[in-house]
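A look at the structure
So the chains spell out like this:
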Amino acid sequence: MAYAHTIEHAEIVHRCFRCGYCKFPSDYVDFNCPSYKAFGWDTYSPGGRMWLIRAWLNDEIKTSPHFAEILYSCVACDNCKNQCVFPKFRDFLPDIFQEAKAELVNEGRIPPKVRDYFKAIATNGNPYKLPQSERGKWAEGTGLQPYTNQEYLFYAGCVGSYDEVGQKMARSVGKLLANAGVSAGIFGSEEACDGNEVKILGEIGLFTKLAQENIEQFKAKGIKKIITLDPHALNVFKKEYPKLGGIFRVFHYTEILAGLIKEKKLALSDYPAKVTYHDSCYLARHNQIYGPPREILKAIPGIELVEMRRNALNAFCCGGGGGNFFTDILGTGEDSAGRVRVREARETRARIVAVACPSCAKMLSDAVKTEGLEDTLEVLGIAEIIERARAK
Ligand code: SF4
Ligand code: SF4
């Protein structure tokens, strides 16, 4: 059989039964694959995507803009990896989709929005096309200092550095770290993109360049421990940088803040509110960090934490993963992930959706506006909620 295209795991693609279990959460009550939920065609589901890739590898279908769009509608949420019934290859599921995207990059057949994203990173160093000199501006007034051999590097990432919602989250974390006396510094205008989305979108050459330059910089400055604002950065630092020789101890900010609260280094007052927590895919399913954000919320007097129907391992993605935060291939239709998720949050009667990821914060904030829920539902970062409990 002649393969016109190549991917690393081509030899196992044919093993998919196309049974379809992978598009559900573990109780099968709803669809948990955001791209299937948004478009409703089987080719947008994980199993359907497997069969589509199989046909493409066998040269039964050709590369086309529609085929590329289907591949790029995967938000790398990892639900299918956890729900696939076939243990022999379930671990490779989102990797296979990423490999197919990488092959499209090699062939130069990617959607224009993906091409524009790569171009912005390669040219400007960030997807917002903003000057590098503005990268550290978010930290003004937080008390955080430039990195000069402190215990931790606090890494804000592109969304935390440039997006208004992300900056708000970064500032809150920065202030709490500084107030609690944590020895942490920032790179500011010397910080560079971590490359997580670049890799997921399939530009392996650009990803390798970014990662190697970051590793070189971290090593040159003597970095041993990193606190990330963004779960996407945590993911790539923990899982991909070691393969390139960059081994660091990496923490998400919620892990550090949960520890500070336990050690009574951050005093908390009463903040009466019903709160639900949205698990970020990159923090939760990808890196199994479920506890610290919940521990923080439970430690705040007055907060009633209520879980959404789908939570932890079964949580529904906000739709911002896999680079969709920037490429917006899922769109904003009624069944787009963010809108589905805020309706689910609303079902709990909580008035705050707590988030631990700047991309989730932005996606869900936008969805709250689209759904007309601004008067009933507020999206807040975990650190912003802590700040409210310290405001009195
Ligand atoms: S990926 Fe796994 S669960 Fe999904 S259709 Fe294929 S075999 Fe079934
Ligand atoms: S990773 Fe998520 S979006 Fe992608 S196919 Fe699997 S369930 Fe769907």
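Small disclaimer: the values here were computed from a predicted structure and weren't measured. (Residues numbered from 1 in each chain as written. Chains lettered and ligands numbered in written order. Predicted model: local features only at pLDDT ≥ 70, side-chain atom pairs only at ≥ 80, totals over all residues.)

**With respect to the domain arrangement of the protein**
As far as domains go, the protein holds domain 1 (10–110), domain 2 (126–258) and domain 3 (268–389). Each of domain 1 and domain 3 was reduced to a C-alpha centroid, and the two centroids are 26 Å apart. With 18 residues of domain 1 at the contact, the number on the domain 3 side is 21 residues. Elements with a contribution of two residues or more to the side of domain 1 that touches domain 3: α2 (34–39), α4 (65–72) and α5 (79–83). Looking at the side of domain 1 that touches domain 3 element by element, the count peaks at four residues for α2. (Domains from an automatic or database assignment. Contact = placed C-beta atoms within 7 Å. Helix = DSSP H or I, 4+ residues; strand = E, 2+ residues; numbered from the N terminus.)

**A few points about the site of ligand 1**
In the neighbourhood of ligand 1, 14 residues make up the surrounding shell, with Cys-16, Cys-19, Cys-22, Gly-47 and Cys-84 lying closest. Counting residues per element, the shell around ligand 1 draws most heavily on helix α3 (residues 46–57), at three residues. Taken together, the residues of the shell around ligand 1 sort by class into eleven nonpolar, two polar and one charged. (Near = placed C-beta within 6 Å. Nonpolar A, V, L, I, M, F, W, Y, C, P; charged D, E, K, R; others polar.)

**Quick word on the site of ligand 2**
Near ligand 2 lie 13 residues; those nearest to it are Cys-33, Pro-46, Cys-74, Cys-77 and Cys-80. Elements that contribute at least two residues to the shell around ligand 2 include exactly α2, α3 and α5. Class assignment of the residues belonging to the shell around ligand 2 gives a composition of nine nonpolar, two polar and two charged.

**Some details on unusual backbone geometry**
The backbone phi angle of Asp-59 is positive, close to 65°, even though this residue is not glycine. Within the secondary structure layout, Asp-59 lies in the loop between α3 and α4. On the neighbour-count criterion, Asp-59 (12 C-beta atoms within 10 Å) is exposed. Positioned with a positive phi, Ala-76 is a non-glycine residue whose angle comes to about 55°. (Buried ≥ 20, exposed ≤ 12 C-beta atoms within 10 Å, placed from the backbone.)

**Quick word on the nonpolar core**
A general tendency of soluble globular proteins is for nonpolar side chains to be buried together. Residues Phe-154, Leu-257, Val-353, Ala-354 and Leu-364 are the most contacted members of the largest nonpolar core, which totals 128 residues. Those residues in contact with Phe-154 that lie beyond four places of it in its chain are Leu-144, Gly-174, Leu-177, Ala-184, Gly-185, Ile-186 and Ile-227. (Core = buried A, V, L, I, M, F, W, Y, C linked by C-beta atoms within 7 Å.)

**Some words on the environment of Asn-314**
As for its placement among the helices and strands, Asn-314 is situated in the loop between β7 (303–305) and α15 (324–327). In this structure Asn-314 touches Pro-25, Ser-26 and Asn-32, once residues within four positions along its chain are discounted.

**Re the sheet that holds strand β8 (residues 352–355)**
Spatially, the four strands line up as an open sheet ordered β7-β6-β8-β9, and their pairing is parallel. Unpaired on one side and paired on the other, β7 and β9 (378–381) mark the two borders of the sheet. Ignoring which end each strand starts from, the neighbouring axes of this sheet average 35° apart. With three bridges connecting them, strand β6 (residues 273–277) and β8 associate as parallel partners. By the bridge assignment, Val-275 is partnered in β8 with Ile-352. Where helix α18 (residues 382–389) meets the sheet, its contacts fall on β8 and β9, and the angle it forms with β9 comes to roughly 90°. (Pairing = 2+ DSSP bridges. Axes fitted to C-alpha atoms, helices over the stretch in contact; angles between N-to-C directions.)

**Some points on the environment of Ile-186**
Inspection of the secondary structure assignment puts Ile-186 in strand β3 (residues 184–186). Considered as a pair, Ile-186 and Pro-146 are 40 residues apart in the sequence and their alpha carbons are 4.8 Å apart.

**Re the packing of helix α13 (residues 253–262) against α18**
Helix-helix packing: each pair is described by the crossing angle between the helix axes and the interaxial distance. Orientation of α13 relative to α18, taken along the N-to-C sense of each, is 25°, at an axis distance of 10 Å. In terms of axis orientation, α13 runs roughly parallel to α18. Across the interface between the two elements, Tyr-253, Thr-254 and Leu-257 from α13 touch Ile-382, Ala-383 and Ile-386 from α18. Taken together, the residues that form the contact of α13 with α18 break down as five nonpolar, one polar and no charged. (Parallel < 35°, antiparallel > 145°, perpendicular 65-115°, else oblique.)

**Some words on the packing of helix α16 (residues 337–347) against helix α17 (residues 358–370)**
In contact at an axis separation of 8 Å, α16 and α17 are set at 75° when each is read in the N-to-C sense. Considered as vectors, α16 and α17 are oriented roughly perpendicular to each other. Across from Gly-338, Arg-339, Arg-341 and Val-342 in α16, the residues of α17 making contact are Met-363, Leu-364, Asp-366, Ala-367, Val-368 and Thr-370. For the contact of α16 with α17, a count of residues per class yields five nonpolar, two polar and three charged.

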